Amino acid sequence: MSKLFTAAIAITALTMPAMAAAQSSGADTSVSETAPTSPPVAERRDYSFTTHGITLSDPYHWLKDQSYPVVDDEDVLEYLKQENAWFEAQMAPHQALVDTLFEEMKGRIKEDDSTVPQKDGDWLYWSEFEEGKEYRLHYRKPVAGGEPQLLLDENQLAEGKDYFRLGAFSVSKDGRYLAYSADDNGSERFTARVKDLETGELLDDVIPETLSGLTWLAGDTMIAYGKANENWRVDNVRLHTLGTDVSEDVEIFREEDEGFRVGAGLSAQEDWLVIGTGDNETSEVWLVPADNPTAEQTLVKARQKGVEYDVDVRDDTLFIHTNDDHINFRLATAPLAKPGEWTTLIEGSDDFYLTDFELFKDFYVTEGRLAGLDQVQLRAYDDAGDVTPIAFPEASFVAGLSNNPEYDMQKLRLSYQSMVTPGSVYDYDVKTGALELLKQQEIPSGYDATQYKTERLTITARDGTQVPVSIVMRKDRPAGAGPLHLYAYGAYGYAVPPGFSTSRLSLVDRGMAYAIAHIRGGDDLGRRWYLQGKLNERTNTFEDFVDVAKGLIDAGYTSKGQISASGGSAGGELMGVVVNTDPDLWGAVAAHVPFVDVLNTMLDKDLPLTPGEWPEWGNPIESKQAFAYMLSYSPYDQVVAQDYPPLLVTAGLNDPRVTYWEPAKWVAKLRATKTDNNTLLLKTNMGAGHGGKSGRFASLYETAEEFAFILTQLGVVD
């Protein structure tokens, strides 16, 4: 629901898998004049702690700077710099390959690319890249005709900075003002500003430490936002009145549960501010008039543990998407006057997983998955049985609503891609059912889809569960077992889409197959699929991944030791587990910003995001069982004296989601414990956070480094 805040709001510590999959999190490396000839060895310092009567030693605890989020401990910084220098020294012999891969990947990017303009009110809005530029420029022009107007140049904002990320971007309803926020170091500490689009001047209004959208209210005189607290959790909604000092901002909502996160957005008709609060399993929604946001708020329904719901409003009717009586969610309605009295509109289904809905003037749209494949359906308000599914041309694909900013839409903007079809933008004519292709991702260096094939198969896991796998490869890939790359995420109910990637072609065109394992922990096959990979069933995720690898070997796609694997964040935890349990399967592993010090992080309630993570992983502070279960798989705690595959590990010094010391401690322990001479590299980005470098070419270069590591370790390229 593009205009509406979804109440299952928990800003999790480990999300952003798409970014982790698309790019590695590299480093601004510091290299000594003389390249090191041996890897750094981290000092062991005595440290132990006792919980639930169990005492654990943690000799690398000192790598966590006690002044975090400020990192100024010279010993810590020196160790990270030494690891970066070792990374540079080990990658130096492969520099020509890195450069070749980078130029290949860059050659597949249309440098002067732009989005398809979309109407919103009296304006057409779009963004574009200029050739050679790292960041976007944002434009608009009048629908009635006229010259384009530059709204914001991210390149100017990023000038002189190692990192830049645009956060919120919100034009006032009258088109006069632009409110936007930006992060310039990767810490996800955003500062919001307001630009007068008539004069081009920045107003004096500056709102620091935001971590939310920026929503215009009260006739464009106010902005609703969420301010991060001292633990970098958004537990509030505040109102800023244009032209006043931020010290005068008014708090209109506060959440007292430290595990919940708060967010807000407008309803479909923009007449209600919808305030949502929740964690990973429970949510609650409040409504307040958008033209009078300090008025009395309406509670839709009080929170009930394990019940998630989100809400939109049409006239005097609430639409509620909830899992209260079915695991795969239902859609209900309620009168605005009695918001807690829910009547089923669309029943929950064992087969169809209802993931989202969006309201428009003359119809509404539901989105979901059937047998793991995306579904988009138009529905009539006056007849629940009047359903029009939008048909797509391939058997396996990724599709969904795209940018549809207006309530009265007669042509829906859709996105579409598959593992062999580049990203495409369509308009769907609601009256005729016609799909019009507006744009397909251009690949300047050339791409012939007929040279590739994609397959979807299922592999039986050890408990009998059928795990889907999506694979892409060249049609002329030699028959028989060959090198294969296996990717997965497997957490937070995030389904890894079988979509298109230009970077991936640099592996596939060298004879590798590329496979995505749709393992439990994601919600690829419905909500139950997600629940079977969290809390006390978390190890299903790891076992599924290993069993998929073994199944691909048995099916003749690859062989033991010829599989490279990668995952980021919670997917990096997955990498950490499987190199502990089945090290001989992998020929190379890339673990990006990996969540590997699971137990210590979940025991530290003072870390900004930990309390909100307990519903996902368990609370080892309160539960001895949760403590023991986490200990049994936590990658850092389970490092043992054995041979490990070649490993590339990345970190971000400013990462607020997976703190830098998790991968640093893990690598230090691996160096001291493993019994092989295989490559082990740690690359810490000293000027960014969870997503790595922010520019499109800088991040692409890091992907080239990762692929060079994989190709050389597997012996695909010398």
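Residues numbered from 1 in each chain as written. Predicted model: local features only at pLDDT ≥ 70, side-chain atom pairs only at ≥ 80, totals over all residues. Heavy atoms only, no water.

J.: Would you mind showing me how to read the overall build of the chain here?
T.: Helix and strand content of the chain: 13 helices and 38 strands. At 25 Å, the chain has a C-alpha radius of gyration in line with the 27 Å of a compact globule built from 718 residues. Across its three principal directions, the C-alpha atoms of the chain cover 65 × 55 × 50 Å. Sorting the 718 residues of the chain into buried and exposed places 59% on the buried side. When contacts within the chain are restricted to residue pairs at least 6 apart in sequence, long-range pairs at least 24 apart make up 58% of them. Treating the 63 positive side-chain charges of the chain as one cloud and the 114 negative ones as another, the clouds have centres 3 Å apart. (Helix = DSSP H or I, 4+ residues; strand = E, 2+ residues; numbered from the N terminus. Rg over C-alpha atoms; globule rule 2.2 N^0.38 Å. Buried < 20%, exposed > 50% of the residue type's maximum accessible area, 1.4 Å probe, protein only. Contact = heavy atoms within 4.5 Å. Lys, Arg positive; Asp, Glu negative; His and termini not counted. Charge placed at Lys NZ, Arg CZ, Asp CG, Glu CD.)

J.: How should I be thinking about the sheet that holds strand 29 (residues 424-429) in this particular structure?
T.: Within a beta sheet, neighbouring strands are joined by backbone hydrogen bonds and run either parallel or antiparallel to one another. Taken together, the four strands give an open sheet; going across it, the order is 27-28-29-30, and neighbouring strands pair in antiparallel fashion. Two strands bound the open sheet, and with one partner strand each, they are strand 27 (398-401) and strand 30 (435-440). Within this sheet the neighbouring strands show an average axis-to-axis angle of 25°, counted without direction. Across six bridges, strand 28 (residues 411-417) lies against strand 29 in antiparallel orientation. By the bridge assignment, Lys-411 is partnered in strand 29 with Asp-429. (Pairing = 2+ DSSP bridges. Axes fitted to C-alpha atoms, helices over the stretch in contact; angles between N-to-C directions.)

J.: Before we go on, may I ask you to explain the pattern of salt bridges in this structure?
T.: A side chain of one charge can pair with a side chain of the opposite charge when the charged atoms of the two come close. In total, this model carries 42 salt bridges according to the counting rule given. For Lys-227, the salt bridge is made with Glu-209, and the minimal N-O distance between the two is 3.3 Å. Within this pair, whereas Lys-227 is found in the loop between strand 12 (222-225) and strand 13 (236-241), its partner Glu-209 is found in strand 10 (residues 202-210), the two being separated by 18 residues in sequence. Residues Glu-705 and Lys-683 are paired through a salt bridge, measuring 2.2 Å at the closest nitrogen-oxygen approach. With Glu-705 in helix 13 (residues 696-714) and Lys-683 in strand 38 (residues 680-685), this pair connects stretches of sequence that are 22 residues apart. Residue classification places Lys-683 among the buried residues on the basis of a relative accessible area of 4%. Bridged by salt links that share partners, the residues Asp-235, Arg-238, Glu-251 and Arg-254 form one connected network. (Salt bridge = Lys/Arg side-chain N within 4 Å of Asp/Glu carboxyl O.)

J.: So what exactly am I meant to see when it comes to the pairing of strand 20 (residues 317-322) here?
T.: It is a general feature of regular strands that their side chains alternate between the two faces of the sheet. The element strand 20 is largely enclosed, with a buried count of five among its six residues. Where strand 19 (residues 309-314) lies against strand 20, six bridges are found, and the strand directions are antiparallel. Note on strand 20: the bridge partner recorded for Val-313 is Leu-318. Between strand 19 and strand 20, which pair antiparallel and follow one another directly, the connecting turn spans two residues, one of which, Asp-315, has a positive phi of 55°. Of the pairings in the sheet, the one linking strand 20 to strand 21 (residues 330-335) comprises six bridges and is antiparallel in character. Bridged to Thr-322 within strand 21 is Arg-330.

J.: How should I be thinking about the sheet that holds strand 14 (residues 250-254) in this particular structure?
T.: Pairing in this open sheet of four strands is antiparallel, and the strands run 11-12-13-14 from one edge to the other. Whereas interior strands pair on both sides, the edge strands pair on one side only; in this sheet they are strand 11 (215-217) and strand 14. Each strand axis lies, on average, 25° off the axis of its neighbour in the sheet, ignoring direction. Pairing between strand 12 and strand 13: four bridges, direction antiparallel.

J.: I keep staring at helix 2 (residues 74-91) and nothing clicks. Help me out?
T.: Think of an α-helix as turning once every 3.6 residues; residues three or four places apart then point the same way. Helix length check: helix 2 (18 residues) gives 26 Å between terminal C-alpha atoms against 26 Å at 1.5 Å per residue, within 8%. Along helix 2, the positions that sit buried rather than exposed are Val-76, Leu-77, Tyr-79, Leu-80, Glu-83, Asn-84, Ala-85, Trp-86, Phe-87, Ala-89 and Met-91. Tucked inside the fold, the buried residues of helix 2 contact helix 3 (95-107), strand 37 (647-652), helix 12 (661-673), strand 38 and helix 13. N-capping of helix 2 is provided by Asp-73, with a side-chain oxygen placed 2.9 Å from the backbone N of Asp-75. (Expected span 1.5 Å × (residues − 1). Polar contact = N/O pair within 3.5 Å; in protein donor to acceptor, adjacent residues only side chain to side chain.)

J.: Is there a simple way to explain the side chain of Thr-502 in this structure?
T.: Along the chain, Thr-502 turns up in the loop between strand 33 (484-487) and helix 5 (505-508). Those residues in contact with Thr-502 that sit more than four places away from it in its chain are Arg-108, Gln-441 and Ile-443.

J.: I tried to follow the packing of helix 3 against helix 13 on my own but got confused; where do I start?
T.: Helix-helix packing: each pair is described by the crossing angle between the helix axes and the interaxial distance. One can describe the packing of helix 3 onto helix 13 by two numbers: an axis separation of 8 Å at closest approach and a directional angle of 130°. Judged by the inter-axis angle, helix 3 sits oblique to helix 13. Of the two elements, helix 3 crosses helix 13, and the hand of that crossing is right-handed. Counting all contacts with helix 3, which are made through Gln-95, Leu-97, Val-98, Asp-99, Leu-101, Phe-102, Met-105 and Lys-106, the residues of helix 13 involved are Phe-697, Leu-700, Tyr-701, Thr-703, Ala-704, Glu-705, Phe-707, Ala-708, Leu-711 and Thr-712. In terms of residue class, the contact of helix 3 with helix 13 is built from 12 nonpolar, three polar and three charged. (Parallel < 35°, antiparallel > 145°, perpendicular 65-115°, else oblique. Left-handed = near helix turned anticlockwise from the far one by under 90°. Nonpolar A, V, L, I, M, F, W, Y, C, P; charged D, E, K, R; others polar.)

J.: Got a minute to help me understand a negative patch on the surface in this structure?
T.: Where like charges cluster on the molecular surface, the negative patch consists of Asp-271, Asp-291, Asp-315 and Asp-316. With respect to the secondary-structure elements, Asp-271 resides in the loop between strand 15 (261-266) and strand 16 (272-278). Asp-271 gets classed as partly exposed once you look at its relative accessible area, which sits at 30%. (Patch = residues over 30% accessible without salt bridge, like charges linked within 9 Å, V, L, I, M, F, W, Y side chains within 5 Å. Areas by Shrake-Rupley, 256 points an atom, 1.4 Å probe, with all protein chains shown as cover.)

J.: Would you take a moment to explain the side chain of Asp-205 for this structure?
T.: Its location among the elements puts Asp-205 in strand 10. Among buried charged residues, Asp-205 stands out as having no salt bridge; its nearest opposite-charge side chain is Arg-193, 11 Å away. Among the polar contacts made by the side chain of Asp-205, one reaches the side chain of His-240 at a distance of 2.5 Å. In terms of polar contacts, Asp-205 uses its side chain to reach the backbone amide nitrogen of Gly-243, at 2.8 Å.

J.: Teacher, can you tell me more about the packing of aromatic side chains here?
T.: Describing an aromatic ring pair means giving the distance of the ring centres and the angle of the ring planes. Under the criterion given, the structure shown has 24 aromatic pairs. Relative to Trp-661, the ring of Tyr-68 has its centre 4.9 Å away and its plane inclined at 90°; by these criteria the two rings are edge-to-face. Highlighted residues: Tyr-68 in the loop between strand 2 (54-57) and helix 2 and Trp-661 in helix 12, separated in sequence by 593 residues. Residue class for Trp-661 comes out buried when judged on its relative accessible area of 3%. Note on Tyr-447 and Tyr-452: the rings are 5.2 Å apart at their centroids and 25° apart in plane angle, and the pair reads as stacked. What makes Tyr-447 partly exposed here is its relative accessible area of 22%. Site record: aromatic cluster; members linked through ring pairs are Phe-392, Phe-397, Tyr-416 and Tyr-426. Against the face of Tyr-636 rests Lys-669, its NZ or CZ located 4.8 Å from the ring centre. (Phe/Tyr/Trp six-rings, centres within 6.5 Å; stacked < 30°, edge-to-face > 60°. Lys NZ or Arg CZ within 6 Å of the ring centre and 35° of its normal.)

J.: Looking at this structure, how should I read the confidence of the model for the chain?
T.: The predicted coordinates of low-pLDDT regions are not to be read in fine detail. For the chain, the average pLDDT comes to 92, and 94% of its residues sit at 70 or higher. Note on residues 1-32: pLDDT is under 50 here. Beyond four places in sequence and across chains, it has 143 contacts. (pLDDT = per-residue confidence, 0-100.)

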